[in-house]
Structures are given as C-alpha cells and as structure tokens.
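So the chains spell out like this:
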Amino acid sequence: MSFDYDLFVIGGGSGGVRAARVAAGENGAKVALAEEDRYGGTCVIRGCVPKKLMVFASEYAGMVGEAQAYGWDIEPGTFNWDSFRSKLHKELDRLEGIYRNILKNNGVETFDQRARLVDAHTVEMADGARKTAKHILVATGGRPVVPDFPGSELAITSNEIFHLEKLPETMLIVGGGYIACEFAGIMNGMGVKTTQFYRGAQILRGFDDEARGLISEEMCQNGIDLHLGTNVLEMERRGDKIWVKATNGSELLFDVVMFATGRTPNSDDLGLEALGVARGRKGEIIVDEYSQTGVPSIFAIGDVTDRVNLTPVAIREGVAFVETIFKGNPTPVDHELIPTAIFTQPEMGTVGLSEEEAAEQEPIEVYATSFKPMQKAFAGGTQRVLMKLIVSQASRKVLGCHIVAPGAGEMIQLAGIAVKMGATKEDFDRTVAVHPVMAEELVTMRQPVRTA
C-alpha cells in the first residue's frame with residue numbers, strides 16, 4: 001500500500017519538530033507536519049523561553065542594591081513593561097521563524113491548520129483535505145486549565161501572562177507548583193505586589209522537603225505574600241478590580257488573578273476514540289516504552305502522553321521514536337534520573353530521589369549544608385543556599401542531588417551526569433574542589449547530617 005508520507009506529525013512543538021526534522025533530514029523520510037497555532041509549542045511561545053527571559057528581567061531589581069554595596073554609584077530605576085514586552089515578542093517571532101526554517105530546510109511539508117485522525121493511516125485537515133501516512137505521530141502537548149468555580153472566567157493562566165497590556169499593581173497567583181512559584185518570583189521582582197495562595201501545606205509538592213522549605217522561606221523574605229492551606233472560593237468583577245473570597249475567610253481585591261493549578265493533555269477531538277487509541281484519566285494518550293499506542297501505526301510523544309512533562313524529555317522521545325521506526329534500532333525512552341531546574345527565586349536544581357523518597361526505599365545518609373553565599377553576604381544579604389546529597393548506605397551511590405542557589409540550574413546539569421553514571425559519594429569526595437564557588441560544597445561534605 002502506498003502513502004502520501006512516511007510520517008505525518010500532528011503538533012509543531014519541540015518534540016514534534018525534532019522528530020520530523022530528524023526523520024526527514026537524517027533519514028530521508030517523506031514527512032509532513034500540521035500545527036494549528038504557532039511553531040515552537042508551549043516551550044518556545046508560552047513557556048520556558050519567555051518565562052526565563054522574564055526571570056532575567058525580574059532579577060535586575062535586586063542587583064541594583066548589590067551593586068551599591070559593592071561600591072557602584074548606581075541608582076534604582078523603574079521597570080518598563082512595554083519596552084520589555086515588545087522586545088520579548090520580537091524574540092519569540094524570531095524563534096518561531098527558526099523552527100519553521102528548520103522544517104523547510106529539512107524538506108518537511110507543513111500545514112498551518114488543525115489535523116485530526118480519520119483512520120490508522122489518514123489525517124484530515126481543518127480545510128477538509130486528507131493525507132495518508134505509514135506512521136502518524138501525535139505531539140500536541142498540553143494546556144493550562146482553571147478549575148470551575150463562581151467567577152473562574154476572570155482568571156488568566158500562564159498562556160496569557162505574556163500578553164498583559166500593562167503590568168498590574170497587585171496580583172494573586174493560585175497554585176503551588178513550579179509554574180506558580182516561578183511567576184510569583186517574576187512578578188514580585190518586577191514590582192508587582194504579589195500574593196500567592198496554595199491549598200497544600202507546602203509549595204512544590206513532590207520535591208525534596210528541605211529544599212522546598214528553604215525556597216518557601218526565601219520567597220516570603222523577598223516580599224511574596226504566601227498563604228498556605230488557602231484556596232479561592234469565588235471571584236467577581238468589582239469595577240476594575242477582581243474581588244476574591246478565600247477559604248481562610250479573607251476577602252481581597254486584585255488587578256489580575258492567575259491560576260497555575262494544573263495542565264491537561266491536548267488530546268480532545270483528535271479522533272482517537274473511534275480508532276481505539278486508549279486515553280488515561282486525565283486524557284493522556286497511553287503509550288508503551290517505545291511511544292507506541294495500541295494502534296501500531298500511531299505514536300505519541302511529549303506532554304500529550306503525560307509521562308515527564310519537560311521539553312528536553314519530549315525531544316528525547318521524538319529522537320527515540322525516529323531511532324525505533326526509521327533506523328531499525330528499537331530505542332525505549334529513558335525517563336530515569338532526569339535533572340531539572342525550577343526558576344524560582346532562589347533557583348532550584350534537582351536530580352534523582354528526594355530524601356523522603358529515598359528513605360522509603362532503603363537506608364540512606366544525608367549530606368547537606370546551608371549557608372550565606374559570599375556574593376550575597378558581602379552585600380549584607382540574608383539569602384541562604386542549600387547543597388544536598390542523598391546517599392545509599394549499601395551501594396554508596398548518590399541517589400539524589402538538590403541545590404537551592406543562584407545558578408542551580410547550571411550546576412545540576414553537570415551534577416546530573418555524575419548521578420546518571422552511578423557515581424558514589426566517594427567519587428564526589430575524590431573530586432578536587434573548585435574554590436571559591438558555592439558548588440564546591442558538593443565535594444567537601446564529609447560527615448552525614450543524618451541517616452534514615
């Protein structure tokens with residue numbers, strides 16, 4: 001049977017584009033890709049990239065005071081949201097152009113419209129055109145969702161925050177995950193009076209308790225009005241403000257309310273059910289270790305599968321898919337020991353097991369130190385950092401590494417290599433320290449602070 005394409009990709013985010021580019025450019029496959037929105041997906045257009053640029057922008061406020069402490073004759077200025085936003089969107093346009101050119105230069109045919117599945121080898125575009133392919137890859141990502149309650153339509157999500165016409169004076173951020181905490185730090189740094197509600201007992205659930213506790217303390221020290229054990233009951237528009245009634249009994253007014261309480265896979269109305277492609281409780285597409293669905297010709301990668309929802313993971317899944325299908329090299333996706341960074345203020349880098357997770361599995365030793373870093377201490381700052389290793393008592397392997405510090409994301413990328421390779425505590429000990437840097441503590445901690 002002949003097909004129009006060897007591969008048809010639905011979704012132009014990082015995972016889909018990588019799979020299409022590698023299949024076409026490196027393997028000579030005939031590939032098409034359909035994207036109904038902007039190329040680059042969540043990460044490039046409304047996620048990692050614009051968020052990180054906002055983090056950079058927000059951190060300059062604190063640098064002025066530090067510069068003065070170091071002897072610089074410099075005065076605080078004001079943040080110009082219009083200037084920043086204009087440059088931000090020009091950068092996103094530039095990056096989208098790069099993604100489009102990558103596909104074009106590798107011979108991938110693109111369709112700027114929605115596509116859905118008709119049968120195991122056929123997709124239908126929004127304009128009614130139908131295309132056939134030997135293999136179909138769904139890489140449609142996910143989207144933020146706001147829970148349903150009175151006035152919920154007044155809330156924005158992380159998708160809309162990059163498009164605010166003006167910077168609000170007051171803002172409520174609801175949620176305790178990394179997206180909520182990152183944006184709380186961003187908006188606070190930009191001069192917005194920022195309040196954060198989280199219904200749980202501590203922010204950043206699922207991460208190491210000691211690390212998230214320090215981040216929570218530092219966020220409060222930085223001026224974020226954090227309310228734990230608190231959620232929104234109802235909201236309504238009152239003039240140009242949003243009135244919010246909370247579960248703790250408070251009634252407050254805000255200019256903007258942003259919800260970051262969860263995301264859902266973009267798997268609706270793709271024609272999956274009629275083909276027998278199974279979906280999970282959240283709507284995620286169920287796949288095996290090779291990203292294959294129950295329909296042999298249909299695969300799925302990235303956030304739509306709700307495995308590990310990180311851009312580099314989606315890219316790895318896309319490459320593994322191409323290895324398996326087009327290179328004849330069955331390659332399961334490795335989701336173990338993935339290093340990641342949380343761009344809160346302070347920043348966090350983490351890889352492997354938390355202290356709590358590790359202690360449930362086997363006897364461990366905990367090596368940790370918390371201190372004021374030299375740069376901040378000299379300037380009179382009170383900020384603290386954390387360096388922490390979780391070590392197996394039996395094998396001596398480092399099971400987890402957790403860093404809360406400026407530049408933690410850069411540090412954890414390198415520490416992640418050692419942890420992934422199975423380095424032991426003694427391997428860390430044998431490594432000569434770089435001095436004076438914060439990360440030297442990772443190789444100079446000799447006595448465990450506790451065992452479990």
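Residues numbered from 1 in each chain as written. Predicted model: local features only at pLDDT ≥ 70, side-chain atom pairs only at ≥ 80, totals over all residues. Heavy atoms only, no water.

Focus: the overall build of the protein chain
In step 1: Check the secondary structure of the protein chain and you find 12 helices and 22 strands.
In step 2: For 452 residues, the compact-globule estimate of 2.2 N^0.38 gives 22 Å, and the C-alpha radius of gyration of the protein chain, at 24 Å, lies within 12% of that figure.
In step 3: Principal-axis analysis of the C-alpha atoms gives the protein chain an extent of 70 × 65 × 45 Å.
In step 4: By residue count, 49% of the 452 residues in the protein chain fall in the buried class.
In step 5: Considering only intrachain contacts with a sequence separation of at least 6, the fraction spanning at least 24 residues in the protein chain is 63%.
In step 6: Carbon and sulfur atoms make up 51% of the accessible area of the protein chain, which amounts to about 21,000 Å² in all. (Helix = DSSP H or I, 4+ residues; strand = E, 2+ residues; numbered from the N terminus. Rg over C-alpha atoms; globule rule 2.2 N^0.38 Å. Buried < 20%, exposed > 50% of the residue type's maximum accessible area, 1.4 Å probe, protein only. Contact = heavy atoms within 4.5 Å. Areas by Shrake-Rupley, 256 points an atom, 1.4 Å probe, with all protein chains shown as cover.)

With respect to a nonpolar patch on the surface
In step 1: The grouping of Tyr70, Trp72, Ile74 and Phe378 at the surface amounts to a nonpolar patch, some 490 Å² of accessible area in total.
In step 2: Its place among the elements puts phenylalanine 378 in helix H10 (residues 374-378). (Patch = residues over 30% accessible without salt bridge, like charges linked within 9 Å, V, L, I, M, F, W, Y side chains within 5 Å. Salt bridge = Lys/Arg side-chain N within 4 Å of Asp/Glu carboxyl O.)

Overview of the pattern of salt bridges
In step 1: Counted according to the given criterion, the structure contains 34 salt bridges.
In step 2: Lysine 388 is the partner of glutamate 210 in a salt bridge, and the nearest nitrogen-oxygen pair spans 2.8 Å. Pair noted here: glutamate 210 is in helix H6 (residues 209-221) and lysine 388 is in strand E20 (residues 385-392), with a separation of 178 residues, a long-range link.
In step 3: The residue arginine 396 makes a salt bridge to glutamate 426 at a minimum N-O spacing of 3.0 Å. Residue arginine 396 is found in the loop between E20 and strand E21 (398-404), and its partner glutamate 426 is found in helix H12 (residues 425-430); the two are separated by 30 residues along the sequence.
In step 4: Within the structure, one salt-bridge network assembled from shared partners comprises Arg38, Asp93, Glu96, Arg100 and Asp112.

Focus on the pairing of strand E2 (residues 31-34)
In step 1: Burial along E2 is two-sided: Val31 and Leu33 facing one way and Ala32 and Ala34 facing the other are all buried.
In step 2: Bridge analysis of strand E1 (residues 5-10) against E2 gives 4 bridges, and the strand direction is parallel. The residue of E2 that forms the bridge with isoleucine 10 is alanine 34.
In step 3: Each parallel crossover has a hand, and the one from E1 via helix H1 (residues 14-26) to E2 is right-handed. (Pairing = 2+ DSSP bridges. Right-handed = clockwise from strand over helix to strand, strands pointing away.)

These figures capture arrangement, not role.
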